[in-house]
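Structural characterization, general
Here are the chains, one letter per residue:
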Amino acid sequence: MLRINTITRPTPTASPAEHHVVSTPANRSASGWTSYVPSWTPSPQRTRPSLSKSRIAGFRNPWPSWHKPTTAEIWDSFQWGDDNDGCQELAASHLANDTAMRKPEQSKLPRFGDINDWPNSLGAKSARLLRVEDPEFSFPDDTKAKVTWLGHAGVLVQLPSMDSRIKGPDRPVRCLFDPMFSARCSPSKFAGPIRSYPPPCKVEDLPPIDIVCISHNHYDHMDQDSIMSIWRRNDFCVRFFVPLGNKHWFVDWKIPADRIIEMDWWDSVELTVPSPTPATSTLKLHCTPAQHNSFRTAGDADSALWSSWYIELLHPAHGSRPNKPPFRVFFAGDTGYQFHPSPAWPPSPNKPSPAGDNEDDKKFPACPAFAEIRDRIAPPNLLLLPVSVGATFAYLRSFVPLPDWINPFPRHSAGVTAANHMPPWDAVRVLKAMAELGGDADGEPAVAVAMHWGTFVTDPAEVLRTLGALEWACQRQGVRFGRKLVKGGEVGDGGPQPWFVAVNHGGSVCL
Ligand SMILES: [Zn+2]
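Rules used in this analysis
Residues numbered from 1 in each chain as written. Predicted model: local features only at pLDDT ≥ 70, side-chain atom pairs only at ≥ 80, totals over all residues. Heavy atoms only, no water. Helix = DSSP H or I, 4+ residues; strand = E, 2+ residues; numbered from the N terminus. Buried < 20%, exposed > 50% of the residue type's maximum accessible area, 1.4 Å probe, protein only. Lys, Arg positive; Asp, Glu negative; His and termini not counted. Salt bridge = Lys/Arg side-chain N within 4 Å of Asp/Glu carboxyl O. Contact = heavy atoms within 4.5 Å. Pairing = 2+ DSSP bridges. Arc of directions from axis to C-beta. Phe/Tyr/Trp six-rings, centres within 6.5 Å; stacked < 30°, edge-to-face > 60°. Lys NZ or Arg CZ within 6 Å of the ring centre and 35° of its normal. Donors = N, O, S within 2.8 Å, 3.2 Å for Na, K, Ca; no water. Axes fitted to C-alpha atoms, helices over the stretch in contact; angles between N-to-C directions.

The name an unreviewed UniProt entry gives the protein chain is Metallo-hydrolase/oxidoreductase, with Parathielavia appendiculata as the organism.

Written out as structure tokens, the structure reads:
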């Protein structure tokens, strides 16, 4: 098991902008943008939130970019019928090149479609464009990082071994983010949103896991069954890292308290292999901000913190051996970037410059957290970014199964929930904000891998719209888009352009 070397918290400075406001009373005005960390009340914050207390300790997003849509804004954003933004057509245009018509295993088909259905049905198109592959977990020699998408926000990141006793490609360090292997994201096994694509593998198929990071307590990110079976299979080596206020759930699930590390934004922890083995590298894990919220049971909204995570694999100098450059991974969790009330936002092939966009921009700024993470730590080499389009109401289909040519449910525009969830357009902006000038020491550009899409969708059109919207956003913003990473590739004038890759369920990207 990896050893925890040190846990560091930011040192309080004279400026209140940089440290925790521990002794703040609960009724302090939320209006001042004074801190990058949410303020909290000192008790009962670090213990289980008590619902009997009139004051429930909680967290809030500290930036002016945080905005809860009003009822009128939500109503205005509703869209009925087929959307005609051009994104579906762009995604479907790739079907002409699709030669893999092999019928997938029955168990691995999405709920809404079969590639052998009538080929023009949305179900068949989305089943052909987004498939479920058997994941492949081997770690090739000389790999800097390998990331495997396991559905929704579940991602396995493997990094080179930190143990000098282990040579070659064996036993990389394995970090699992927001594992979700259950059929429903819900407190009930019988009701609630059901996944449209099956998980690409079972927990039993995973290799040993060293670190599990959870972004927040929503059911689609903190899944009790997945976490407990990971614990049972990895009790000899695994540690769980959670943002403040979430540890008690794991303790309730009978996971020993010393295996759960609760962290605040900007806390970091250093992990090494146990001495006396000379470590070849150190893993530094930072709990970083995200613009989101939390909710798990009645009355506990925002009483636990949400976060993103940042991993650095550092290689200290050894004797005369030159210092190998670090490798950095950013997992955004569930986060928004910029609220846009305009139903025409985001830009799309049929509306490249939506009316009202500029006014929206002036009124509602973008979340500054990502640029700050880049400035405080470094530009990441690998980013795991959520891409979701506005289709919350398509969930209703999971309760009322209908053929996909009947579409009675409204969608909301992606901008109205964009303070909470990033649509592809914003995910590309975040990639550029964090990593455009990055790239690693070998001159390889930064790579983003899409997650938080194509899993709990229930509406096959959403799969097409997400893929098309991501491809189009990449084209417009000078980022290379691919369904897999093509090494080499052309280099733009301003240096190597970053990549945004949307792999299949179970697919991997090797760097
Ligand atoms: Zn969430």
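1. Details of the side chain of Glu471
Residue position: Glu471 is located in helix H10 (residues 460-477). Of the side chains with opposite charge, Arg483 lies nearest to the buried Glu471, which makes no salt bridge, at 8.2 Å. If we skip the residues at most four places from it in the chain, Glu471 touches Leu90, His94 and Phe481.

2. Re the pairing of strand S7 (residues 239-243)
Taken across its five residues, S7 has five buried, putting it largely inside the fold. Side-chain alternation along S7 places Arg239, Phe241 and Pro243 on one buried face and Phe240 and Val242 on a second face that is also buried. The pairing of strand S6 (residues 211-213) with S7 spans three bridges and is classified as parallel. In the sheet register, Val212 faces S7, and the bridge partner there is Phe240.

3. Focus: the pattern of salt bridges
Summed over the entire model, instances satisfying the criterion amount to six salt bridges. Note that Arg171 and Asp210 form a salt bridge whose closest N and O atoms lie 2.7 Å from each other. Of the two residues, Arg171 is situated in the loop between strand S4 (155-159) and strand S5 (173-177) and Asp210 in the loop between S5 and S6; the sequence distance between them amounts to 39 residues. Residue Arg171 is classed as partly exposed on the basis of its relative accessible area of 28%. Arg429 serves as the salt-bridge partner of Asp426, at 2.8 Å between the closest nitrogen and oxygen.

4. A look at helix H8 (residues 369-376)
Listing the buried residues of H8 in full gives Ala369, Phe370, Glu372 and Ile373. For H8, the buried positions fall inside an angular range of 160 degrees around the axis, keeping them on one side.

5. Points about the packing of aromatic side chains
All chains considered together, the criterion is met by eleven aromatic pairs. The interplanar angle of 0 degrees and the centroid separation of 5.6 Å between the aromatic rings of Trp149 and Trp453 together place this pair among those described as stacked. In this pair, Trp149 is assigned in strand S3 (residues 146-149) and Trp453 in the loop between strand S15 (447-451) and H10, connecting sequence segments 304 residues apart. Of the residues examined, Trp149 reaches a relative accessible area of 1% and is grouped as buried. Overall, Trp453 belongs to the buried group, its relative accessible area being 3%. Put simply, the rings of Tyr310, Phe330, Tyr337 and Phe370 pair up and form one aromatic cluster. The ring of Tyr219 carries Arg296 above its face, with NZ or CZ at 4.1 Å from the centroid. Directly above the ring of Trp266 sits Arg376, whose terminal nitrogen or CZ lies 3.9 Å from the centroid.

6. Thoughts on the coordination of the zinc ion
Each protein donor to the zinc ion is listed here as His216 (NE2), His218 (ND1), His292 (NE2) and Asp334 (OD); together their distances run 2.2 to 2.3 Å. Coordination of the zinc ion draws on donor residues from a single chain, spaced H-x1-H-x73-H-x41-D in sequence. Of this pair, His218 sits in the loop between S6 and helix H5 (224-234) while Asp334 is found in the loop between strand S12 (327-331) and helix H7 (357-363), placing the two residues 116 residues apart along the sequence.

7. With respect to the sheet that holds strand S16 (residues 480-482)
Taken in spatial order, the nine strands of this open sheet run S1-S9-S10-S11-S12-S13-S15-S17-S16, and their pairing is mixed. For this open sheet the edge positions go to strand S1 (3-8) and S16, each flanked by a neighbour on one side alone. Here the average twist between neighbouring strands, direction ignored, is 20 degrees.

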